[in-house]
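# Observations on the three-dimensional arrangement
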Amino acid sequence: MSRILVGVKRVVDYAVKIRVKPDKSGVVTEGVKHSMNPFDEIAVEEAVKMKENKLAKEVIALTIGPAQSVETLRTALAMGADRGIHVEISGKEWELLQPLHVSKIFAKVAEKEKVDFVVVGKQAIDDDSNQTAQMTAALLDWPQATFASKIEKKGDKIEVTREIDGGLETVTCKIPAVISADLRLNTPRYATLPNIMKAKKKPVEKLAAKDLGVDTAARIEVVSVEDPPTRQAGSVLPDVDTLVAKLKESGFVK
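Residues numbered from 1 in each chain as written. Predicted model: local features only at pLDDT ≥ 70, side-chain atom pairs only at ≥ 80, totals over all residues. Heavy atoms only, no water.

### Thoughts on the pairing of strand 1 (residues 2-7)
- Within strand 1, six of the six residues are buried, leaving the element largely enclosed by the surrounding structure.
- Burial along strand 1 is two-sided: the face carrying S2, I4 and V6 and the face carrying R3, L5 and G7 are both buried.
- As defined by bridge partners, strand 1 adjoins strand 4 (residues 56-65) across six bridges and the pair is classed as parallel. By the bridge assignment for strand 4, R3 is matched with E58. (Buried < 20%, exposed > 50% of the residue type's maximum accessible area, 1.4 Å probe, protein only. Helix = DSSP H or I, 4+ residues; strand = E, 2+ residues; numbered from the N terminus. Pairing = 2+ DSSP bridges.)

Below, the structure written as structure tokens:
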């Protein structure tokens, strides 16, 4: 049976109002609530469901980040993953880590663990890059099924319904494959107290990027991080003539 590698990322909680650092080098993360990336919760749930439906024999959770990322990994284990791998990267190196670095680490771990599926959230809510699944598939030379809203195993292949701008698209992939989870794929379960206690005893392997032969040197320089400009308040105009006059006054109409 298959083995699944599922990715989980520690991000600033979705309910937290993001604040830019005074020096504009990034956003404030110290003393701020963090949690598992919501799309990764969906990926973990789907991986665990595949195991429960006898489509996989083991679910391995992988996280990349500072020491605190182990908390996110333990959440995945409490949801039903069998064991965890923590690739520890911290400090400035972590702040400048890019999707290409993450994809290379995922590809190396997938090869090392001889998995059949890599399942990740379609994007992380901190950077919204939406690149990791696609680049991981390219590095492994595996088929990909992104934005999955339904996954079914059909013989030695998987059938994935994916959400696109025009509606729904169904693709069939050979195994092994890389899948990214969309919002409507499932509803993640809550980790119960007994499972949280069991998760503390599940094995977690700690690695460094250099152990996998991945260079995490930054390829992009962040020049400045700034708040978006404040939107001006709108106004209600009495008629079309006033609207046209306002547009001419603002230079939008000649």
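There's more to say after this.
### So, helix 1 (residues 38-52)
- Here helix 1 spans 21 Å end to end across 15 residues, near enough to the 21 Å set by a 1.5 Å rise per residue.
- The set of residues buried in helix 1 consists of F39, D40, I42, A43, V44, E45, E46, A47, V48 and M50.
- A positive backbone phi angle near 65° is found at K54, which sits one or two residues after helix 1. (Expected span 1.5 Å × (residues − 1).)

### Here's the deal with the pattern of salt bridges
- What the rule picks out here adds up to 16 salt bridges.
- Taking the shortest distance from any N to any O, the salt bridge between E163 and R184 comes out at 2.8 Å. Of the two residues, E163 is situated in strand 8 (residues 157-164) and R184 in the loop between strand 10 (177-181) and helix 6 (193-199); the sequence distance between them amounts to 21 residues. (Salt bridge = Lys/Arg side-chain N within 4 Å of Asp/Glu carboxyl O.)

### Focus on the sheet that holds strand 11 (residues 204-207)
- Taken in spatial order, the nine strands line up as 9-8-7-10-6-1-4-5-11 in an open sheet, and their pairing is mixed. A strand with exactly one partner marks an edge of an open sheet, and here the two such strands are strand 9 (167-174) and strand 11. Put simply, the sheet's adjacent strands are angled 30° from each other on average, direction ignored.
- Packed on one face of the sheet, helix 1 meets strand 1, strand 4, strand 6 (117-121), strand 7 (144-154) and strand 10 and runs near 145° to strand 6. (Axes fitted to C-alpha atoms, helices over the stretch in contact; angles between N-to-C directions. Contact = heavy atoms within 4.5 Å.)

### A look at the nonpolar core
- Counting 33 residues, the largest nonpolar core has I4, V6, V44, F117 and I158 as its most contacted members.
- Those elements giving two or more residues to this core turn out to be strand 1, helix 1, strand 4, helix 2 (69-79), strand 6, strand 7, strand 8 and strand 10.
- Counting residues per element, this core draws most heavily on helix 1, at seven residues.
- Filtering out sequence-adjacent residues up to four positions away, V44 remains in contact with V6, V8, M36, A76 and M79.
- Counting residues in each nonpolar core, the second largest holds 26 residues, with I89, A110, V115 and L212 among its members. (Core = buried A, V, L, I, M, F, W, Y, C linked by side-chain atoms within 4.5 Å.)

### Describing the packing of helix 4 (residues 99-113) against helix 5 (residues 132-140)
- Look at helix 4 against helix 5: their axes get within 8 Å of each other, and the N-to-C directions meet at 50°. Considering their axes alone, helix 4 and helix 5 lie oblique with respect to each other. Handedness of the crossing formed by helix 4 with helix 5: right-handed. Along the contact surface, helix 4 presents P99, L100, V102, S103, K104, F106, A107, A110 and E111, while helix 5 presents T132, M135, T136, L139 and L140. (Parallel < 35°, antiparallel > 145°, perpendicular 65-115°, else oblique. Left-handed = near helix turned anticlockwise from the far one by under 90°.)

### A short note on unusual backbone geometry
- Following I175, the chain continues into P176 via a peptide bond in cis, with omega recorded as 10°.
- Here P176 shows up in the loop between strand 9 and strand 10.
- One non-glycine residue, D141, lies in positive phi territory at about 60°.
- What makes D141 exposed here is its relative accessible area of 69%.

### Let's talk about a nonpolar patch on the surface
- Together, L243, L247, F252 and V253 line one region of the surface with nonpolar side chains, adding up to about 360 Å² of accessible area.
- Here V253 is to be found in the segment after helix 7 (240-250).
- Taking the relative accessible area as the measure of exposure, V253 reaches 34% and is therefore partly exposed. (Patch = residues over 30% accessible without salt bridge, like charges linked within 9 Å, V, L, I, M, F, W, Y side chains within 5 Å. Areas by Shrake-Rupley, 256 points an atom, 1.4 Å probe, with all protein chains shown as cover.)

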